[in-house]
Amino acid sequence: MKIAVYPGSFDPMTNGHLDILKRAASLFDHLIVGVLVNNNKKCLFSPEERVDMINEAIQDLENVRVMHFNGLLVDFCDKVGATAVIRGLRAVSDYEYEVQMFAANYHLNHKVETVFLMSQPKYSFLSSSVVKEIAYYGGNINELVTPLIAEKLKKRMTK
Ligand code: ADP
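Since this is a predicted model, take the numbers as computed values, not measurements. (Residues numbered from 1 in each chain as written. Predicted model: local features only at pLDDT ≥ 70, side-chain atom pairs only at ≥ 80, totals over all residues. Heavy atoms only, no water.)

1. Comments concerning the site of the ligand
Rules: One heavy atom suffices: a residue is near a molecule or strand as soon as one of its heavy atoms comes within 4 Å of it. Contacts described as polar in this section are N or O atom pairs within 3.5 Å, which, within protein, must combine one atom able to donate a hydrogen with one able to accept it, while residues neighboring in sequence count only if both atoms come from side chains. The protein chains shown are the only cover counted for residues, whose accessible areas, like all others here, come from Shrake-Rupley with a 1.4 Å probe. When residue character is reported, Ala, Val, Leu, Ile, Met, Phe, Trp, Tyr, Cys and Pro are called nonpolar, Asp, Glu, Lys and Arg charged, and the others, Gly included, polar.
Not every one of the 16 residues close to the ligand is listed here, only the nearest: Y6, S9, K41, G88 and Y123. Take K41: an N or O atom from its side chain is 2.9 Å from an oxygen atom of the ligand. Within the backbone of Y123, an N or O atom sits 2.9 Å from a nitrogen atom of the ligand. Burial of the ligand by the protein chains amounts to 89% of its free accessible area of 550 Å². Broken down by class, the residue content of the shell around the ligand amounts to 6 nonpolar, 6 polar and 4 charged.

In structure tokens form, the structure reads like this:
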């Protein structure tokens, strides 16, 4: 059985993430979305909230599971039996960082491959930070995240 991990902060998940997630799920037997718990990174949503928001959006996908993790990605892959890591590429600007991450992970564990999926052009500008900024200033985020996530973001921004 081919298992892949799609890791990220997902603070919160955008429709760009969701698109990569669905496409990756169609390529592997099982996909695990790994929500990174990084104490050095200030997140708007807790790991549990981020996991819940993704879970709500993937109810119809039978081969996807959402978990949070900390520590090294390759260790998480070993723990869940994954042999591939999925990363999304939006633009050339993502490339340098992604090559470095790939090289570090490959150095640590040759058995875990990284698979890059290109963002659809309509999502190539989209990031969690962009969505948070638009929401902060009261802009329309309805086409950028799921309805539940748009609701949670609006509430969080007015707190
Ligand atoms: P990180 O905090 O590790 O940068 P993110 O949550 O921002 O993680 O993103 C996780 C993965 O999803 C990364 O591979 C990133 O390039 C990809 N990604 C983010 N936004 C998009 C998008 N709009 N289209 C395609 N891939 C995306």
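2. Focus on the pattern of salt bridges
Stated formally: When a carboxyl oxygen of Asp or Glu lies within 4 Å of a side-chain nitrogen of Lys or Arg, that pair is called a salt bridge. Starting at the N terminus, helices and strands are each numbered in turn, a helix being any DSSP run of H or I of at least four residues and a strand any DSSP run of E of at least two. Under the scheme applied here, a residue whose accessible area is under 20% of the maximum for its type counts as buried, over 50% as exposed, and between as partly exposed, the area being computed with a 1.4 Å probe on protein chains only.
Enumeration over the complete set of coordinates arrives at 5 salt bridges. Of the charged contacts, one joins R23 and D19 as a salt bridge, the two residues approaching to 2.9 Å between their closest N and O atoms. Residue R23 and its partner D19 are both found in helix α1 (residues 15–25); the two are separated by 4 residues, about one turn of the helix. When its relative accessible area of 29% is taken as the criterion, R23 is described as partly exposed. Here R90 ties to D94 by a salt bridge, and the two come within 3.0 Å at their closest N and O atoms. With a relative accessible area of 35%, R90 lands in the partly exposed category.

3. Quick notes on the nonpolar core
We count it as follows: As used in this record, nonpolar core signifies buried Ala, Val, Leu, Ile, Met, Phe, Trp, Tyr and Cys residues forming a set joined through side-chain atoms within 4.5 Å. Residue contacts are defined here by distance: any two heavy atoms, one from each residue, within 4.5 Å place the two residues in contact.
M13, L21, L31, I54, I86 and I141 are the most contacted members of the largest nonpolar core, which totals 34 residues. Taken together, the elements giving at least two residues each to this core come down to β1 (3–8), α1, β2 (30–36), α2 (47–57), β3 (64–69), β4 (84–89), α5 (128–136) and α6 (147–157). Looking at this core element by element, the count peaks at 5 residues for α1. Ignoring any residue separated from it by four or fewer positions in sequence, one finds I141 in contact with V131, I134, A135, A150, L153 and K154. Membership of the second largest hydrophobic core comes to 12 residues, among which are I3, I32, C77 and A82.

Any functional reading would require information beyond the geometric quantities listed.
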